[in-house]
Each structure stands twice: as structure tokens, then as C-alpha cells.
Protein chains: 2
Amino acid sequence: MLTIGALGKKTGTKVQTVRYYEQIGLMPEPGRTEGGQRRYGDAELDRLSFIRHARQLGFPLEAIRELLDLSDNPDCSCAEADSIARRQLKQVEQRMARLEALRTELQRMVHECSGGNTSECRVLEVLRDHSECLTNHEEIGA
Amino acid sequence: MLTIGALGKKTGTKVQTVRYYEQIGLMPEPGRTEGGQRRYGDAELDRLSFIRHARQLGFPLEAIRELLDLSDNPDCSCAEADSIARRQLKQVEQRMARLEALRTELQRMVHECSGGNTSECRVLEVLRDHSECLTNHEEIGA
DNA sequence: TGTACATGCTCTAGCAGCTAGAGGTTCAAT
DNA sequence: ATTGAACCTCTAGCTGCTAGAGCATGTACA
């Protein structure tokens, strides 16, 4: 039986995060000691490992919830899990493409900066005038 | 003189967002009509364009605050603006490297999935067992 | 001049996915 | 019995917005 701290250590999860997962229903309510402390077994360890691994791959918690459901029903078709993964892959590819464009623009800004004072700083100039940009980087935040 | 809605339209910013920028001190308090509605001039238009452009390039609001300060003092050395841009470039490059690793892993998951039921789904298997991963993707969220 | 109605106002709460802290309790070792 | 680390709950905060309630203003048209 593991304490919440031990569970956290084994999975690389902060204690608060484990409790948070419980709160939003991603982790089950565990057993408790007489004094009210959480104790975890192997099933919970596996589940949390699954969650953390999926998080490392960038899956949002809602997708992980679905994946856990699928994983709990071994007779379901795996098509759905596959489509969740494909969706995630697509997102990653989109973000990469966007970052690529940003990198190009930032490199250009930085390389052209000659080091005078701010009145002739290329970095600030480019920010002031969007038309100086070569690439499209319309959407914010992706 | 522009209403907040017109300003938003010109810069691709939602009205709420403009007010938010004012609230956190990134945009100045504008003049008001007798009835209390905000009215903006060209200086504010330029400032908001600057902010939005920097956001599109992924700069966090705090960095933008610094860049605006620098931009307001044309005699300062541009070294600082340069270093902010370099920092941002570095972050973009780090994120790209991370996404690259994730993409590889997700591609592998997806390509190996043969389409049976979930008990033998590669997607779920990989998530269950981290040791199946080829790449390191330790940190979450980057 | 009246009236419709788009747009404006403030205030509060919510999103993801945690993280940190206050103030108090339990557990395990000595 | 006592210490001290680790646990408990609860609340609030982070980034960068976004949405909605409930009301006021501004403008165009008849």
C-alpha cells in the first residue's frame, strides 16, 4: 500500500496533482486509513502511470478520460483510441508548423539587429510594422 | 476617434481583450465620451497593433510589457530588446524539439495500430507501458 | 423627435492543468 | 511520549483570455 507521496514519487506526479485528478474524477477515490489518509494499490499506480504518460504525449485530460474508458473495456473496437491518437498527432503537427514560421521570423529579427539604440532596433521595428513580416502567423496561441 | 469595437476590428482583437489589456496596464486608459464610452486615437491603435503582433510571435505579456517600455524610450540600448527576442527564439526552438519527439512517438503508435479490439491496441499498450517508448518526453506541457 | 437596436459599460465567473499556501492532523520512528 | 515529516481540506492564484448577466449609450432612420 502506497501513500500519496510514494505514489507521486513513483509516477513523477506532485501530490496536489494526484488529488486534483481524483477531484475531477480521473483517478478513483482510494481507500483510506483510519486517520483518513489515502492509500493506493497497484491498480491505481497503473492508472496514474497511464495518465502521466498520456500527458507527456500532450493528450488533454478529456482525451485521457476517453482513453482510460477504452482501456477499461478490452472488447471495444480500438478504432476510437486510434482516432484520438491521430487527432493528437495532427495537433502536434499543426503546432510544429506554426512554431516553424515563428522561428523563422524571430531569427530574422534577431539576426538583423545590429546593436544600436532602440530607435533603430530591428526587433522593435518588426513588431511595430507587421508588413515587414515574411510569414503568416495569424492565429495566436496555438 | 475609434470606438473599442472599431479598434478591435482593426487589430483583430476582441473587445473584451482590449479591456483586459487596459485592466492589466498594457494599454493606457483611453479618453471617454460624456456617456462613458472609450474612444481611441492613432497612438493607441499603434500600441495595440504592436501588442498583437508580439502575441502572434508568441511573446508572453510580460515580455511585451518590457518591449513596449523599450519602444517608448528610443535612446535606450537595443540590447535588451534583442535579448528578449533571443529568449523567445530559444523557447520556440525548445518547444519544437519537444514536439518533434512527441510526433515521432505518436506516429509510431498510430502506424502500428492494426485495428482489432482494445485488448491488443498499440495505442493503449504504449500508453500503459512507458518502456515501449523510444524517445524521452519527460517534461509535461512545454 | 421618437424609437429601435447595435454596441458599449461593469462585474463576475469560467477555461486548462495544475501549483502554492494556510492552518491543522496523522503516522512512524525513536 | 515526543518529534517531525508527511498527510488532510480548503481557498486562491497562475496565463491569457472568453462569456454572460444586466444595464446604459449612441446612432440611424422614419
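Located above this text is the structure these notes cover.
Residues numbered from 1 in each chain as written. Chains lettered and ligands numbered in written order. Predicted model: local features only at pLDDT ≥ 70, side-chain atom pairs only at ≥ 80, totals over all residues. Heavy atoms only, no water.

### A few points about the relation of the copies chain B and chain A
Note the cut-off: Copy-to-copy superposition: least squares on the C-alpha atoms, limited to residues that have pLDDT of at least 70 in both copies.
Note on the copies: chain B fits chain A at an RMSD of 0.0 Å, the axial shift is 0.0 Å, and the rotation between them is 180°. On this basis, the relationship between the two copies can be described by a two-fold rotation axis. Taking C-alpha positions as the reference, the residue of chain B nearest the rotation axis is Met96(B), at 3.1 Å.

### Here we look at the side chain of Gln88(B)
Stated precisely, the cut-off is as follows: For the purposes of this entry, the term helix denotes a DSSP run of H or I that reaches at least four residues, the term strand denotes a run of E that reaches at least two, and both are numbered from the N terminus. To sort residues, take the accessible area from a 1.4 Å probe on protein chains only and compare it with the maximum for the residue type: under 20% means buried, over 50% means exposed, and anything in between is partly exposed. What makes two residues a contact is simply this: any of their non-hydrogen atoms within 4.5 Å.
On the secondary structure map, Gln88(B) appears in helix α5 (residues 79-112). For Gln88(B), a relative accessible area of 4% gives the class buried. Setting aside residues no more than four positions away along its own chain, Gln88(B) makes contact with Leu106(A), Leu57(B), Gly58(B), Phe59(B), Pro60(B) and Arg95(B).

### Quick look at the packing of helix α1 (residues 4-11) of chain A against helix α3 (residues 42-56) of chain A
All names here are of chain A. Basically, it comes down to this: Axis definition: a line fitted to C-alpha atoms, over the contacting stretch in the case of helices. Angles run 0 to 180 degrees between N-to-C directions. Oblique is the label for every angle not falling under 35 degrees (roughly parallel), over 145 degrees (roughly antiparallel), or within 65 to 115 degrees (roughly perpendicular). Should the near helix be turned counterclockwise from the far one by less than a right angle, the crossing is left-handed, whereas a clockwise turn marks it as right-handed. By the convention adopted, Pro, Cys, Tyr, Trp, Phe, Met, Ile, Leu, Val and Ala count as nonpolar, Lys, Arg, Asp and Glu as charged, and the other residues, Gly among them, as polar.
Axis separation between α1 and α3 bottoms out at 10 Å; the angle between their running directions is 45°. Classified by the angle their axes make, α1 and α3 are oblique. Along this stretch, α1 crosses α3, giving a crossing that reads as right-handed. Between α1 and α3, the residues in contact are Leu7, Lys10 and Thr11 and Leu45, Leu48, Ser49 and Arg52, respectively. Its residues placed into classes, the contact of α1 with α3 shows 3 nonpolar, 2 polar and 2 charged.

### As for the protein's contact with DNA strand D
Heads up, the condition is: Only heavy atoms are used to decide nearness, and a residue is near a molecule or strand if one of them lies within 4 Å of it. What qualifies as a polar contact is a pair of N or O atoms within 3.5 Å, subject to a donor-acceptor requirement within protein and to the restriction that residues adjacent in sequence count only when both atoms come from side chains.
In the vicinity of DNA strand D there are 20 residues, among which Gly5(A), Arg19(A), Arg38(A), Thr33(B) and Arg55(B) approach most closely. Near the protein, within 4 Å, the atoms of DNA strand D are sugar or phosphate in 79% of cases. One of the side-chain N or O atoms of Arg55(B) is found 2.7 Å from a phosphate oxygen in DNA strand D. Measuring from a phosphate oxygen of DNA strand D, one finds a backbone N or O atom of Leu61(B) at 3.3 Å. When contributions to the surface near DNA strand D are tallied by element, the ones reaching two or more residues are α1 of chain A together with α2 (15-23) and α3 (42-56) of chain B. Looking at which element gives the most residues to the surface near DNA strand D, the answer is α2(B), with 4 residues. For the surface near DNA strand D, a count of residues per class yields 5 nonpolar, 9 polar and 6 charged.

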